[in-house]
Amino acid sequence: MTSCLSKLEESHLITRMRQGRHRYVRLCDEHTAQIIEFMGTVAETTQTRVIGYRQVRADRRLRYARTCYNHIAGHLAILITTAMQTRGLIDLRDDSIRLTDKGTLWFANNGMPESQLRKTPRIKGCLDWTERRMHIGGSAGSALCSRLMDLSVIRRDTPRRALRVTTTGKRWFVSQLGIDEDTLNES
């Protein structure tokens, strides 16, 4: 017997992706997403119970920036990944990320020598659970997170995995990756 997911995949509405021990399913195209979003607006909505302001702020901080294993995740990670792609430091296609020669040089110039990036995998795409887009993982993601903490560009926050961009960090992101400072504000 074929599962519902198999039928959706056979109909080219979804694709499946495996990342470590997790399996993800994503919509194949924008048209399918629009249909589902429309159905969601028509369907009856249920009220979720607000836990409190403290929990709302903690959730917001985690969505903005957090650690994912040993690399940066959340909105900040997507900003970094997009900026690196725009500058030609990485090549991002579908679910794979490749570090370019220019990117390897950029890492070295920012205090992350190639010896730190030799571990397997050197760079890999990691699907962000809040943004639903790929961010940088692997040894490059780990080295970047560690280096940015050493430089006080980012610091740990509460809850435990949350990260915060410092004032120094905003200047660093603007100068090193050309990220607009206004996008670095936690919303």
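One can find the structure itself at the top, above this paragraph.
Residues numbered from 1 in each chain as written. Predicted model: local features only at pLDDT ≥ 70, side-chain atom pairs only at ≥ 80, totals over all residues. Heavy atoms only, no water.

Undergrad: How should I be thinking about the overall build of the chain in this particular structure?
TA: Scanning the chain from terminus to terminus reveals seven helices and 10 strands. The principal-axis extent of the C-alpha atoms belonging to the chain is close to 55 × 40 × 30 Å. Roughly 12,100 Å² of accessible area belongs to the chain as shown, and the carbon and sulfur atoms make up 50% of that amount. Taking the 31 positively charged and 20 negatively charged side chains of the chain as two groups, their mean positions are separated by 8 Å. (Helix = DSSP H or I, 4+ residues; strand = E, 2+ residues; numbered from the N terminus. Areas by Shrake-Rupley, 256 points an atom, 1.4 Å probe, with all protein chains shown as cover. Lys, Arg positive; Asp, Glu negative; His and termini not counted. Charge placed at Lys NZ, Arg CZ, Asp CG, Glu CD.)

Undergrad: What am I meant to see in a nonpolar patch on the surface here?
TA: On the surface, Leu-27, Ile-35, Ile-36, Phe-38 and Met-39 cluster together into a nonpolar patch covering about 480 Å² of accessible area. The element contributing the most residues to the nonpolar patch is helix α2 (residues 30-42), with four residues. The residue Met-39 is located in helix α2 in this model. (Patch = residues over 30% accessible without salt bridge, like charges linked within 9 Å, V, L, I, M, F, W, Y side chains within 5 Å. Salt bridge = Lys/Arg side-chain N within 4 Å of Asp/Glu carboxyl O.)

Undergrad: Looking at this structure, how should I read the pattern of salt bridges?
TA: Opposite charge on two side chains allows them to pair when their charged atoms are near. Scanning the model with the defined rule gives five salt bridges in all. A salt bridge links Arg-93 to Asp-91; the shortest N-O distance between them is 3.2 Å.

Undergrad: Looking at this model, I keep getting lost on the side chain of Asn-110. Mind explaining?
TA: Looking at the secondary structure, you find Asn-110 in the loop between α5 (101-109) and β7 (124-127). Asn-110 gets classed as buried once you look at its relative accessible area, which sits at 10%. A polar side-chain atom of Asn-110 sits 3.4 Å from a polar atom in the side chain of Gln-176. (Buried < 20%, exposed > 50% of the residue type's maximum accessible area, 1.4 Å probe, protein only. Polar contact = N/O pair within 3.5 Å; in protein donor to acceptor, adjacent residues only side chain to side chain.)

Undergrad: For this particular structure, what's the right way to read empty space enclosed by the protein?
TA: For the structure shown, the criterion picks out one cavity of 30 Å³ or more. Taken as a whole, the largest cavity holds about 50 Å³ of empty space. Every element with two or more residues in the lining of the largest cavity is listed here: β4 (71-73), α4 (75-86), β8 (134-137) and α6 (138-150). Split into classes, the residues belonging to the lining of the largest cavity amount to six nonpolar, four polar and no charged. (1 Å grid on protein atoms, 1.4 Å probe; cavity = no way out; pocket = protein on both sides within 12 Å on 5 of 7 lines; lining within 4 Å. Points joined across faces, edges and corners; volume = space filled by probe spheres on them. Nonpolar A, V, L, I, M, F, W, Y, C, P; charged D, E, K, R; others polar.)

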